[in-house]
Amino acid sequence: MAGFLVFSCVAVSLSYYFSAHYFVMLLPALCLFAGQAVSAAMQCVRARNRDKRWVALPAGLFILMWALAALHHHEIFFALSPDQVCKRIYNTNPFSECLPIGRYLGEHSAPGARIAVLGSEPEIMFYARRHSATGYIYMYDLVAGPQPYAGEMQREMIRQIEEARPEYLVFVKIPASWDLRPDFQRAAGTAVMNWIPKFMKDFYEPAGLVIIKPESEYYWGREAQNRPPFPEPYIGIAKRK
């Protein structure tokens, strides 16, 4: 169990990014330790008390704490759907929206087709079962963090996408997917942000649109092409002309 906990901590720490949902990988080990703690407490009480009724005290306290937690989160556990829970916890992060987007891309592209996701949502490639047109599947190091290679990385990503000529391009217009910082933009430049609209206009046409809301709206094909101006956050899907 100790080894399991250690390697769970390693799994959380591998990338040195510590988003809240990364700590889910700790939960199985922590749950085992909680169960072991209750069992050890029951054994300790049994060894020190002749009255065996006290043995049930640790288990009773655990059940009480569990019941209070379940009551506090009763909507998440018993009322809301998985998509609604995702929205409640992660707000505009498009975790639930990426699944239908990936399904659409998988159904409307050849098995060997490449797609480019402009944003930090690599799960779209996984759901679509398609390879990325670029090795850059997260945007944070390109535009969000103070590091000296950001400008070079932006130019390399642009070059990779232009050479790969991906069949589909997904533009994630969601702040959390970019984490843009004005001070860093001035230092590294905004080559990729200036390039995206021109590249999409010259070589792609709208194929899908997902407007991120508590109940997100999905538009495909002609519906996406004929949409009037819409607010952020959204995800745009474009097909090569």
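My aim in this report is to walk through the structure given alongside it, one point at a time.

Before going further, it helps to spend a moment on the overall build of the chain. Looking only at helices and strands, the chain features twelve helices and six strands. For 241 residues, the compact-globule formula gives about 18 Å, and the C-alpha radius of gyration of the chain, at 24 Å, lies well above that figure. Looking at the chain residue by residue over its 241 residues, the buried ones come to 35%. Taking contacts inside the chain between residues at least 6 apart in sequence as the whole, the part at least 24 apart equals 61%. Carbon and sulfur atoms make up 62% of the accessible area of the chain, which amounts to about 14,800 Å² in all.

Interaxial distance between helix α1 (residues 2-13) and helix α2 (residues 27-48) falls to 9 Å at its minimum, and their mutual angle equals 150°. Between α1 and α2, the angle falls in the class roughly antiparallel. As α1 packs across α2, the resulting crossing turns out to be left-handed. On α2, the residues touching Ala2, Phe4, Leu5 and Ser8 of α1 are Pro28, Ala29, Leu30, Leu32 and Phe33. Of the residues in the contact of α1 with α2, the class split is eight nonpolar, one polar and no charged.

The subject of this paragraph is the nonpolar core. By size, the foremost hydrophobic cluster in this structure holds 27 residues, and its most contacted members are Leu118, Met157, Phe171, Trp178, Val192, Trp195 and Ile196. It is helix α11 (residues 191-203) that contributes the most residues to this core, six residues altogether. With near-sequence residues (within four places) excluded, Trp195 lies in contact with Leu118, Ile158, Ile161 and Glu162.

What follows concerns the sheet that holds strand β2 (residues 131-132). Overall, mixed pairing links the six strands, which are arranged β2-β1-β3-β6-β4-β5 in an open sheet. Whereas interior strands pair on both sides, the edge strands pair on one side only; in this sheet they are β2 and β5 (217-220). Along the sheet, helix α6 (residues 95-107) contacts β1 (114-118), β3 (168-173), β4 (204-211), β5 and β6 (234-240); its crossing angle with β5, the most-contacted strand, is approximately 15°. Packing against the sheet, α11 makes contact with β1, β3, β4 and β6, and its axis sits at approximately 120° to β4.

Attention now moves to helix α9 (residues 150-164). One turn of an α-helix holds 3.6 residues; hence residues three or four places apart share an orientation. In this model α9 runs 21 Å from its N-terminal to its C-terminal C-alpha over 15 residues, within 8% of the 21 Å that 1.5 Å per residue would give. Those residues of α9 not exposed but buried are Ala150, Gly151, Met153, Gln154, Met157, Ile158 and Ile161. Angularly, the buried residues of α9 cover 165° about the axis, an arc narrow enough to put them on a single face. Opposite its buried face, α9 presents the exposed residues Arg155 and Glu163, each directed more than 90 degrees away. Looking at the residues trailing α9, positive phi occurs at Arg165, about 50°.

Here is what the cut-offs are and how they apply
Residues numbered from 1 in each chain as written. Predicted model: local features only at pLDDT ≥ 70, side-chain atom pairs only at ≥ 80, totals over all residues. Heavy atoms only, no water. Helix = DSSP H or I, 4+ residues; strand = E, 2+ residues; numbered from the N terminus. Rg over C-alpha atoms; globule rule 2.2 N^0.38 Å. Buried < 20%, exposed > 50% of the residue type's maximum accessible area, 1.4 Å probe, protein only. Contact = heavy atoms within 4.5 Å. Areas by Shrake-Rupley, 256 points an atom, 1.4 Å probe, with all protein chains shown as cover. Axes fitted to C-alpha atoms, helices over the stretch in contact; angles between N-to-C directions. Parallel < 35°, antiparallel > 145°, perpendicular 65-115°, else oblique. Left-handed = near helix turned anticlockwise from the far one by under 90°. Nonpolar A, V, L, I, M, F, W, Y, C, P; charged D, E, K, R; others polar. Core = buried A, V, L, I, M, F, W, Y, C linked by side-chain atoms within 4.5 Å. Pairing = 2+ DSSP bridges. Expected span 1.5 Å × (residues − 1). Arc of directions from axis to C-beta.

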